[in-house]
Amino acid sequence: MLTILDNFTKRVHGFFQGHVYRNYLLFGAAVMMIPLMHNFGIIGSGTLGIWAYIVIITVVALGLNILLGFSGLISLGTAGFVGAGALGTGVFLNMGLPFELAALLTILIAAAIGALIGFFSLRVEGIYLAIATLFVGEILRQIYTQIEIFGGQMINIGAIRFLGFFTLNANPPSERRFLFVIIVAVMVLMMIAMHHLVHSKTGRALLAMSRSQAAAQAMGVSILSYRLIAFVTATVFATVGGVLYAVYIQNAPTTAWTLDLSLFVIAMVVVGGFKSIYGTFLGAFIIHGIPNLILAELFGDVSYIFSGVLIIVVILFYPYGAIQVFYDVRKWFHKGRLKLTTKRSDRSA
Amino acid sequence: MKTPLLELNQISMTFGGLKAVNDLSFSVFPGEIVGLIGPNGAGKTTVFNCVTQFYKDYEGDVFFDGLKGKVDLRTIKVTDVIDQGLVRTFQNVELIPDLSIMNNLLIGAHKQFKSRLIDHLFNTKKARQEEARLSEKALEILTFLKIDHLKDFYVKGQPYGILKKIEIARTLMSDPKLIILDEPAAGLNDRETDELEALIYQIREKYQTTILLIEHDMGFVMNICDRVCAISFGKFLAMDTPAKIQKNALVQEAYLGKDD
């Protein structure tokens, strides 16, 4: 019996230690099952939109994790770039551009603004950088609400024609299963790209830059280049999140991109886990999912009080992010296995 | 007469009103182990920072006859100094705590990676091959330093002796012609210091490199160095073999004070 159990645990461990792609794909597949759960009546009809928002905001938070977790830089302007993604796509679509081109143009423009911030970041550090990016976010928000091409209240986007002929479905929000699968697929791709990035020369250089600027420079890491890379990557992730928002929600409001959103995204990174890709999703789930999916049903309007308490508890016990829970579980698992095997060898001896 | 590898020509560096380095000249020849000594605050680390271009506004010139021929280092950016075959360590170990030892070594090879951001995002064949090739090189160096069994551990939590070794290992990743060590023996116990001594000889032999070091442990300096340069309050006192430096009246005065 013990041998079987031991073999099984070894197999499980070996499986997850295997290829990186497989873990991300399995994770994506699991998230894609969520609409199916709706079909079986396990989750309510309104919840698919909340899950979609978690997926979208995870992409945004991944970008911020590159800044905050790896590069030691901060941005309070994230919301502005998510807005740029959603509204930019809307504006270009209204101009009659095909979706792919609209999304690409939006991302390129946002990346250019990101590069500009990266350039400025050489002159300002820490709290000053936070304040500077805060006002970048504010400027973007003012632009969205004041300038006419953004349509005042919102831009209606509607169903998106993909590749010019393939119309993504325009069902009511609770029925957007196909769209949901697409945004999860994009999230998984972004996760894999980030995995590669942080395990490469670039990722190491970003860490070196934030942990010891002197050592980084002595080893040939140009602070300017890597600050630019950090801000451009973070901006592109945020903008892709915005494009996904446009695709799924099918309209782009002009007033939603406030400081609140930027702060929530920071909270997701901190609560979920610095430098952790799965942790970022977990953070998005804790910050957005738990109050809206679970607590709202239990407590109604006061759910945010409970989620606030929950987040404080998580930070108290897991200051390096909630993802540490899983590391603890893994540790117990290995300890348990070790105990089992030593007991057995004692008996046989 | 051999041509010098590193040549400092009348270097001065001022902070506010303080002259940290004052009209200092000395040369280091290929294959030497040279020590730079002086009482606390003599300006030793400032000299290193001028040589490695962390400070740019020094007076005088630093010439280096490195991998790309003789250059005036002032014309080289701080991040390009490593390309010349000139690499340094730091007084307070500067490693990346939340990266594995292996990855810390790979940072030392930063400039040898030719793949670009786009290769990294998609983990192209080029990026993978490069990573594998340089990881192998890093493993060779770790084996040489006998810390290869630790390669996958985080730097955080390693004992100080190991940290010092990792920092030296990182310098070796760039195939240096001159390694500048800032207090390599500080914080090491006697056994570790002896080990470091042997290691520095081995490095010189195996990697055909020259070494310039700052150190307060006089026993260590006198044992290991071919020549020693002594400075005090930024000024040149003497440069000679260890035995002669020990007998030099100016050096004795700087360390022990003057007899009245």
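Heads up: these notes are all about the structure in this document. (Residues numbered from 1 in each chain as written. Chains lettered and ligands numbered in written order. Predicted model: local features only at pLDDT ≥ 70, side-chain atom pairs only at ≥ 80, totals over all residues. Heavy atoms only, no water.)

### Description of the pairing of strand β3 (residues 33-37) of chain B
Residues and elements named next belong to chain B. Counting buried positions along β3 yields five of five residues, so the element is predominantly enclosed. The side-chain alternation of β3 yields two buried faces, one formed by I33, G35 and I37 and the other by V34 and L36. Where β3 and strand β8 (residues 210-214) come together, four bridges link them in parallel fashion. Considered in β8, the bridge of G35 is made with L213. In this structure, β3 lies alongside strand β9 (residues 227-232), joined through four bridges in parallel fashion. Bridge pairing in β9 places G35 opposite V228. (Buried < 20%, exposed > 50% of the residue type's maximum accessible area, 1.4 Å probe, protein only. Helix = DSSP H or I, 4+ residues; strand = E, 2+ residues; numbered from the N terminus. Pairing = 2+ DSSP bridges.)

### With respect to the nonpolar core
Ranked by internal contacts, the top residues of the largest apolar core, which has 156 residues, are A:F180, A:W257, A:F281, B:I166, B:I200 and B:I203. Ranked by residue count, the leading element in this core is helix α4 (residues 47-70) of chain A, at 17 residues. A:F180 has contacts with A:V31, A:M32, A:I34, A:P35, A:L48, A:W51, A:A52, A:V55 and A:Y248, leaving out every residue within four places of it along the chain. (Core = buried A, V, L, I, M, F, W, Y, C linked by side-chain atoms within 4.5 Å. Contact = heavy atoms within 4.5 Å.)

### Section: helix α14 (residues 303-317) of chain A
An ideal rise of 1.5 Å per residue puts 21 Å on 15 residues; α14(A) measures up with 21 Å between its terminal C-alpha atoms. The elements touched by buried residues of α14(A) are α12 (259-272) and α13 (277-299) of chain A. (Expected span 1.5 Å × (residues − 1).)

### Concerning the packing of α12(A) against α13(A)
Residues and elements named next belong to chain A. One way to put it is that α12 packs onto α13 with a least axis distance of 7 Å and a crossing angle of 120 degrees. In this view, α12 runs oblique relative to α13, as classed from their interaxial angle. Every pair of crossing elements has a handedness; the one defined by α12 and α13 is right-handed. In this structure, α12 uses F264, A267, M268, V271 and G272 to contact α13, whose residues at the interface are G279, G283, A284, I286, I287 and H288. Residues belonging to the contact of α12 with α13 are distributed by class as follows: seven nonpolar, four polar and no charged. (Axes fitted to C-alpha atoms, helices over the stretch in contact; angles between N-to-C directions. Parallel < 35°, antiparallel > 145°, perpendicular 65-115°, else oblique. Left-handed = near helix turned anticlockwise from the far one by under 90°. Nonpolar A, V, L, I, M, F, W, Y, C, P; charged D, E, K, R; others polar.)

### Quick word on the environment of B:D190
Residue and element names in this part refer to chain B. Note that D190 resides in helix α6 (residues 190-207). According to the relative accessible area criterion, D190 is exposed, its value standing at 64%. C-alpha of D190 to C-alpha of N248: the two residues are 58 residues apart in sequence and 27 Å apart in space.

### Concerning the interface of chain B and chain A
On the chain A side, the residues contacting the 27 residues of chain B number 24 residues. Here chain B meets chain A over a buried area of about 2400 Å², counting both sides, of which 66% is carbon and sulfur. Its largest share of buried area at the contact with chain A, chain B owes to B:H110, B:H120 and B:L121, together 25% of the area lost on that side. If you look at where chain B meets chain A, you find three salt bridges. Where A:R211 meets B:D98, a salt bridge forms, and the shortest distance between an N and an O atom there is 2.6 Å. Between the two partners, chain B and chain A, sit seven residue pairs in polar contact (both at pLDDT 80 or more). Sorting the residues of the side of chain B that touches chain A by element identifies β6 (86-88), α2 (101-108) and α3 (117-122) of chain B as the ones contributing at least two each. (Buried area = accessible area lost by both parts, 1.4 Å probe. Salt bridge = Lys/Arg side-chain N within 4 Å of Asp/Glu carboxyl O. Polar contact = N/O pair within 3.5 Å; in protein donor to acceptor, adjacent residues only side chain to side chain.)

### Section: the sheet that holds strand β5 (residues 69-72) of chain B
All names here are of chain B. Strands sit in the order β2-β1-β4-β5 across an open sheet of four strands; the sheet is antiparallel. Two strands lie at the open edges of the sheet, namely β2 (18-28) and β5, each paired on one side alone. The sheet shows a mean angle of 20 degrees between the axes of neighbouring strands, taken without regard to direction. The pairing of strand β4 (residues 59-66) with β5 spans four bridges and is antiparallel. Looking across to β5, one finds that D65 is bridged to K70. Packing against the sheet, helix α1 (residues 44-51) makes contact with β1 (6-15), β2 and β4, and its axis sits at approximately 115 degrees to β1.

### Some details on the side chain of A:T58
Along the chain, A:T58 turns up in helix α4. Not counting chain neighbours up to four residues away, the residues in contact with A:T58 comprise A:M187, A:M191, A:T280, A:F281 and A:A284.

### Quick look at the pattern of salt bridges
In total, this model carries 17 salt bridges over all chains according to the counting rule given. A salt bridge links A:R204 to B:E131; the nearest nitrogen and oxygen atoms lie 2.9 Å apart. Here A:R204 is found in helix α9 (residues 201-211), whereas its partner B:E131 is found in helix α4 (residues 125-144) on a different chain. In this structure, B:R204 engages B:D226 in a salt bridge whose closest nitrogen and oxygen atoms are separated by 2.9 Å. Taken together, the residues span a long stretch of sequence, with B:R204 in helix α6 and B:D226 in the loop between α7 (218-224) and β9 at a distance of 22 residues. Overall, the relative accessible area of 21% leaves B:R204 in the partly exposed class. Through salt bridges that share partners, A:R211, A:K275 and B:D98 make up one connected network.

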